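Geometric and topological summary
Given next are the chains, with one letter for each unit.
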Amino acid sequence: TASAHAVMVKSAPEKDSTITVSPKQVDVWFNEHVRSAHKSLAVINSAGKRVDNKDIQQEILDPSHLYITTPQLPPDTYTVRYRVISADTHVISGKFNFIIEESN
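Below is a short write-up of the structure.

Structurally, Asp27 is set in strand S3 (residues 25-30). Between the alpha carbons of Asp27 and Asp76 there is a distance of 18 Å; along the sequence they are 49 residues apart. Side chain to side chain, Asp27 and His65 meet in a polar contact 2.7 Å long.

A full pass over the atoms with the stated rule returns two aromatic pairs. With a centroid separation of 5.4 Å and 75° between ring planes, the pair formed by Phe30 and Tyr82 is classed as edge-to-face. With Phe30 in strand S3 and Tyr82 in strand S7 (residues 76-85), this pair connects stretches of sequence that are 52 residues apart. We classify Tyr82 as buried; its relative accessible area is 11%. Relative to Phe98, the ring of Tyr78 lies with its centre 5.5 Å away and its plane at 25°, an arrangement referred to as stacked. Taken together, the residues Tyr78 in strand S7 and Phe98 in strand S8 (residues 91-100) connect sequence positions 20 residues apart.

Basis of the calculations
- Residues numbered from 1 in each chain as written.
- Predicted model: local features only at pLDDT ≥ 70, side-chain atom pairs only at ≥ 80, totals over all residues.
- Heavy atoms only, no water.
- Helix = DSSP H or I, 4+ residues; strand = E, 2+ residues; numbered from the N terminus.
- Polar contact = N/O pair within 3.5 Å; in protein donor to acceptor, adjacent residues only side chain to side chain.
- Phe/Tyr/Trp six-rings, centres within 6.5 Å; stacked < 30°, edge-to-face > 60°.
- Buried < 20%, exposed > 50% of the residue type's maximum accessible area, 1.4 Å probe, protein only.

Function cannot be inferred from these measures alone, as they are strictly geometric.
Below, the structure is given as structure tokens:
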């Protein structure tokens, strides 16, 4: 049987979503467990500056789930970048955006 690579299947905030409240953390889920070594997750603002707390964690009971906490983020467009090693040892990287708008 051929092994498929890990694929991001869900995120919070959701990919390409617009929200009005700064998230306390950014979560990413993959379709399979990812290896705990050499994982990275970063939240970047529109000026290209990393704005997360640099405290990436992997859920112990669900190794397909990575998350990183964030300080209070101002309205802006953010890019989440991830890089993981899938169960078949391939490096998987990608990115997605979300927008924080001012609430009325």
